[in-house]
Amino acid sequence: MPELKVIKQELHSYGYAIHVEKTETTVKKGHQYETVLMDAKAGSVMGMHADRQCDSAIHLLSQNVLSKERVQTVILDMWEPYHKAVRALFPSASIVIDKYHVVQKVTQALDQARKECSPLKKARYLLLKGCEKLRKDQRRRLDDILEEYLVLSIAYYLKELFRDFYRTDGYHEAKERLEEWIQLAKQSPFASFQEAANTLERWKEPILSYFLCPYTNARIEGTNHKIKNIKRRAYGYRNRERFRLRVFLECTGNTTGSQAS
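These numbers were taken from a predicted model, which means no experiment stands behind them.

Chemist: What is the right way to read the packing of helix 5 (residues 136-148) against helix 6 (residues 150-165) from this model?
Modeler: Two quantities define a packed helix pair, namely the angle between the axes and the distance from one axis to the other. Axis separation between helix 5 and helix 6 bottoms out at 5 Å; the angle between their running directions is 120°. Taken together, the axis directions place helix 5 and helix 6 in an arrangement best described as oblique. For the pair helix 5 and helix 6, the contacting residues are Leu142, Ile145, Leu146, Glu147 and Glu148 in the first and Leu150, Leu152, Ser153 and Tyr156 in the second. Across the contact of helix 5 with helix 6, the residue classes break down as six nonpolar, one polar and two charged.

Shown next as structure tokens:
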């Protein structure tokens, strides 16, 4: 079965959202992308366009469905072409990096650090799960692991410290915490955390904008799940247009070909 991953961006104005669906087709190597314009409130797909480049986003967002003056906040991940599109179309809008994608960068850094400790193949869940969500026996097991692998405890501490960052009240305190975390991660012995720190430093301002506009793209997860299941049930689509029509049928009840441009 081909792998399906979804990368999402949401526009908080009239409730429209744009997300990118990354698919691997069943007939050839490489990746094919679809940019999808979605009504985040209704959960319905409004338009689709090939690839995930800046021009694709501009094409969809220029279909007279959004008033440029009314768009105040845009939620994005750290994919530069979409930032470029948003800056071109909505220059006065505030850009916020989606909280989920930022936390994901840090947890991926921890998972990479875990992989460097070869015997820890079964410790992934304990390390990545929030400490407060573990049972007592799981916490004891985690304590044993961190005591045995002291250097890994640094990576785990950085992950938990970053989770505390998003619990901060107020922009200025959050800025201090983020800057402190970036410096600690840069000084860590793990290349994965050093890379994550550089990425977060590069996107620091839109990450911190979350504390001024606490929006996420969580509302479109239901439609994302539908699109995933469409792909999985078919074991991949060889024909891009058929895939689009199926998405429109299940996510809007409409198979108008002009929408799937």
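Chemist: Quick question: what am I supposed to make of the packing of helix 7 (residues 171-186) against helix 8 (residues 191-202) here?
Modeler: It is at 8 Å that the axes of helix 7 and helix 8 come closest, and there the two elements cross at 150°. Regarding the angle of helix 7 to helix 8, the classification is roughly antiparallel. Viewed along their axes, helix 7 and helix 8 form a crossing whose handedness is left-handed. Residues Leu178, Trp181, Ile182, Gln183, Ala185 and Lys186 of helix 7 touch helix 8, and the partners they reach there are Phe193, Gln194, Ala197, Asn198, Leu200 and Glu201. Residue composition of the contact of helix 7 with helix 8, by class: seven nonpolar, three polar and two charged.

Chemist: I'm lost on a negative patch on the surface in this one. Help?
Modeler: Where like charges cluster on the molecular surface, the negative patch consists of Asp143, Asp144, Glu147 and Glu148. Positionally, Asp143 belongs in helix 5.

Chemist: What should I look at first to understand the side chain of Lys159 in this one?
Modeler: Examined against the element boundaries, Lys159 turns out to sit in helix 6. A distance of 3.0 Å separates a polar side-chain atom of Lys159 from the backbone oxygen of Leu127.

Chemist: Looking at this model, I keep getting lost on the packing of aromatic side chains. Mind explaining?
Modeler: Two measures describe an aromatic ring pair: the distance that separates the ring centres and the angle between the ring planes. Counted under the stated rule, the structure contains 10 aromatic pairs. The interplanar angle of 65° and the centroid separation of 5.2 Å between the aromatic rings of Phe165 and Phe211 together place this pair among those described as edge-to-face. With Phe165 in helix 6 and Phe211 in the loop between helix 9 (204-208) and helix 10 (221-233), the pair connects residues that are 46 residues apart, well separated along the chain. The buried category is assigned to Phe165, whose relative accessible area is 1%.

Chemist: What is the right way to look at the pairing of strand 4 (residues 44-50) in this model?
Modeler: Where a strand is regular, its side chains alternate between the two sheet faces. Here six bridges tie strand 3 (residues 32-39) to strand 4, and the two strands are oriented antiparallel to one another. Along strand 4, the bridge assignment pairs Asp39 with Ser44. The turn linking strand 3 back onto strand 4 is made up of four residues, and Gly43 within it adopts a positive phi angle of 75°.

Definitions and limits used
- Residues numbered from 1 in each chain as written.
- Predicted model: local features only at pLDDT ≥ 70, side-chain atom pairs only at ≥ 80, totals over all residues.
- Heavy atoms only, no water.
- Axes fitted to C-alpha atoms, helices over the stretch in contact; angles between N-to-C directions.
- Helix = DSSP H or I, 4+ residues; strand = E, 2+ residues; numbered from the N terminus.
- Parallel < 35°, antiparallel > 145°, perpendicular 65-115°, else oblique.
- Contact = heavy atoms within 4.5 Å.
- Nonpolar A, V, L, I, M, F, W, Y, C, P; charged D, E, K, R; others polar.
- Left-handed = near helix turned anticlockwise from the far one by under 90°.
- Patch = residues over 30% accessible without salt bridge, like charges linked within 9 Å, V, L, I, M, F, W, Y side chains within 5 Å.
- Areas by Shrake-Rupley, 256 points an atom, 1.4 Å probe, with all protein chains shown as cover.
- Salt bridge = Lys/Arg side-chain N within 4 Å of Asp/Glu carboxyl O.
- Lys, Arg positive; Asp, Glu negative; His and termini not counted.
- Charge placed at Lys NZ, Arg CZ, Asp CG, Glu CD.
- Polar contact = N/O pair within 3.5 Å; in protein donor to acceptor, adjacent residues only side chain to side chain.
- Phe/Tyr/Trp six-rings, centres within 6.5 Å; stacked < 30°, edge-to-face > 60°.
- Buried < 20%, exposed > 50% of the residue type's maximum accessible area, 1.4 Å probe, protein only.
- Pairing = 2+ DSSP bridges.

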